[in-house]
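# Results of the structural survey
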Amino acid sequence: MAKNSVVSMRARSVYFLYQALRLSRMRMEAAYETRFQTSDYEVLSSDWFAKYWETLEDATAHVAILSPQMLKTSLSVDPRAVPSKVCMIIAMAAQLELYRHLAPGHVDTRNKLLNVVCEIVDLTKGFKDEDFVMLDPVLGV
């Protein structure tokens, strides 16, 4: 049931975005504590890295679940198609937030980051004027 509920999909997407932003804040605080004189990766705990990889894996798996659900709703005249696109955009924003940490020094991650950006652009290009009233206010966060 959770895989088909727009509410639970949205909640999971927002949760992953929240986790990604929390990890980013922790990384920035570590960099600030060292006054940016050393790599912040050197002062981050192993717990940070464990949570980073866990969140990235979970967000990526969530996007993989959302993709066929979104396709299914978009092929029918289903008013849930726009909210499922919103869920996908939020989950992909979590991926972007996580990928950006490693992208400057890792080519494969940079390519993944660019691919996710292009996917988000493709999703938003498909919005019609009447879709905008159905957009979730969470996107403004």
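Above: the structure in question.
Residues numbered from 1 in each chain as written. Predicted model: local features only at pLDDT ≥ 70, side-chain atom pairs only at ≥ 80, totals over all residues. Heavy atoms only, no water.

### A short note on the pattern of salt bridges
Oppositely charged side chains are able to pair whenever their charged atoms sit close together. Counted by the stated rule, this structure contains three salt bridges. When the shortest N-O distance is used, the salt bridge between E54 and K51 registers 3.9 Å. Here the residue E54 and the residue K51 both occupy positions in helix α3 (residues 46-75), the gap between them amounting to three residues, near one helical turn. The closest approach of N and O atoms between K125 and D122, which form a salt bridge, is 3.5 Å. Here K125 and its partner D122 are both found in helix α5 (residues 107-125), three residues apart, which amounts to about one turn of the helix. Judged by its relative accessible area of 48%, D122 is partly exposed. (Salt bridge = Lys/Arg side-chain N within 4 Å of Asp/Glu carboxyl O. Helix = DSSP H or I, 4+ residues; strand = E, 2+ residues; numbered from the N terminus. Buried < 20%, exposed > 50% of the residue type's maximum accessible area, 1.4 Å probe, protein only.)

### Structural notes on α5
Across its 19 residues, α5 extends 27 Å between first and last C-alpha, which sits within 8% of the 27 Å expected from 1.5 Å per residue. Buried residues of α5: T109, L113, V116, I120 and L123, and no others. Projected onto a plane normal to the axis of α5, the buried residues spread over an arc of 85° and lie on a single side. Opposite the buried face of α5, by more than 90 degrees, sit the exposed residues D108 and K125. (Expected span 1.5 Å × (residues − 1). Arc of directions from axis to C-beta.)

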